[in-house]
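Coordinate analysis (summary)
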Amino acid sequence: LHNELYPDDQIPVVDVADRPFSDVPLQPGVLGDASDWVAAAKTAGLVEGVTGTTFQPYDEVRRDQMATMLVRALGWEAAASAVTPDTPGFTDVRLSSTHWSAATYLKTKGILQGYEEPVGSGNVVLRVGDPTLRKHVAVILCRVLDLPR
């Protein structure tokens, strides 16, 4: 898998012989099946399991989880972890959440903007319980690619 942002950091996709997680179907002898891609993403540090052994491949991705995956994919973990607790984030992503720093960092960069609820209140939420829709992914990708290089 070619990484355009980090061309020297290729992500190999290989036909895996073992499941990357116990709940990811394995198709040995088929290069490019779901187990191969999930294993590549796991090896590259882009995704983690819901537990140490399960991935829940058929579940929706919450918006705060998407933020964490995006930060990992772009190599922004150090910058995100440097976000201080006084940085304005989303009120529905708690400071104690493992996704707080990623979501807050993407908010500071204008990639995630959230929703002011109620309008005029200054209370900005990510709506973590809502699914990440295709339209959201399109907006996020455009915002990421529009950032100064």
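Attention in this report is confined to the structure presented alongside it. (Residues numbered from 1 in each chain as written. Predicted model: local features only at pLDDT ≥ 70, side-chain atom pairs only at ≥ 80, totals over all residues. Heavy atoms only, no water.)

Digging into the overall build of the chain
Filter applied, for reference: Where helices and strands are cited, they refer to DSSP runs of H or I of at least four residues and of E of at least two residues respectively, numbered from the N terminus. Only protein chains enter the calculation, and the probe is 1.4 Å; a residue is then buried if its accessible area is under 20% of its type maximum, exposed if over 50%, and partly exposed in between. Note on contacts: a residue pair is in contact if any heavy atoms of the two residues lie within 4.5 Å. Positive residues here are Lys and Arg, negative ones are Asp and Glu, while His and the chain termini are left out of the count. Charge placement uses NZ in Lys and CZ in Arg. For Asp and Glu, CG and CD serve respectively.
Across its full length, the chain holds 5 helices and 2 strands. Element order for the chain, N to C, with α for helix and β for strand: α-α-α-α-β-β-α. C-alpha atoms of the chain, sized along the principal axes, occupy 55 × 35 × 30 Å. The burial tally for the chain puts 32% of its 149 residues in the buried class. Put simply, 50% of the contacts in the chain that link residues at least 6 apart link residues at least 24 apart. Of the side-chain charges in the chain, 13 are positive and 19 negative, and the distance between the mean point of each set is 7 Å.

Observations regarding the packing of aromatic side chains
The condition that has to hold: Centres within 6.5 Å make a pair out of two Phe, Tyr or Trp rings, where for Trp the six-membered ring is used; the pair is then stacked when the planes are under 30 degrees apart, edge-to-face when over 60, and tilted otherwise.
The final tally for this structure, using the stated rule, is 2 aromatic pairs. Between Phe-21 and Phe-55, the ring centres sit 5.2 Å apart and the planes meet at 20 degrees, which makes this aromatic pair stacked. With Phe-21 in the segment before α1 (34-43) and Phe-55 in the loop between α1 and α2 (63-73), this pair connects stretches of sequence that are 34 residues apart. For Phe-21, a relative accessible area of 4% puts it in the buried group. Since its relative accessible area comes to 18%, Phe-55 is described here as buried. Centroid distance Trp-76 to Tyr-105: 5.8 Å. Interplanar angle 75 degrees. Geometry classified as edge-to-face. One end of the pair, Trp-76, is in the loop between α2 and α3 (77-81); the other, Tyr-105, is in helix α4 (residues 100-108), and 29 residues separate them in sequence.

Thoughts on the environment of Arg-19
Under the convention used in this document: Nitrogen and oxygen atoms within 3.5 Å of one another constitute a polar contact, given that in protein one can donate a hydrogen and the other can accept it, and given that sequence-neighbouring residues count only through two side-chain atoms.
Here Arg-19 shows up in the segment before α1. Those residues in contact with Arg-19 that lie beyond four places of it in its chain are Val-24, Pro-25 and Leu-26. Within the structure, Arg-19 has its side chain in polar contact with the backbone oxygen of Val-24 (distance 3.3 Å).

Here's the deal with unusual backbone geometry
Going from Glu-117 to Pro-118, the amide bond is cis rather than trans, its omega being -10 degrees. Even without a glycine there, the phi angle at Gln-56 is positive, about 55 degrees. Note on placement: Gln-56 falls in the loop between α1 and α2. Backbone geometry at Arg-127 places phi at a positive 60 degrees, although glycine is not the residue there. Along the polypeptide, Arg-127 turns up in the loop between β2 (124-125) and α5 (134-145). Using a relative accessible area of 30% as the deciding quantity, one classes Arg-127 as partly exposed.

What to know about the side chain of Thr-104
Among the secondary structure elements, Thr-104 is positioned in helix α4. Excluding its chain neighbours within four sequence positions, the residues that come into contact with Thr-104 are Val-83, Thr-87, Pro-88 and Gly-89.

Some details on the packing of α2 against α4
Our working rule: All axes here are fitted lines through C-alpha atoms, helices being fitted over the stretch that makes contact, and every angle between N-to-C directions spans 0 to 180 degrees. Just so you know how the angles are binned, under 35 degrees is roughly parallel, over 145 roughly antiparallel, 65 to 115 roughly perpendicular, and the rest oblique. As a working rule, the residues Ala, Val, Leu, Ile, Met, Phe, Trp, Tyr, Cys and Pro are called nonpolar, Asp, Glu, Lys and Arg charged, and the rest polar, with Gly in that last group.
Their axes nearest at 8 Å, the elements α2 and α4 cross at an angle of 75 degrees. One way to sum up the angle between α2 and α4 is to call them roughly perpendicular. For the pair α2 and α4, contact is made by Ala-67, Thr-68, Leu-70 and Val-71 and by Ala-102, Ala-103, Tyr-105 and Leu-106, respectively. Of the residues contributing to the contact of α2 with α4, the split by class is 7 nonpolar, 1 polar and no charged.

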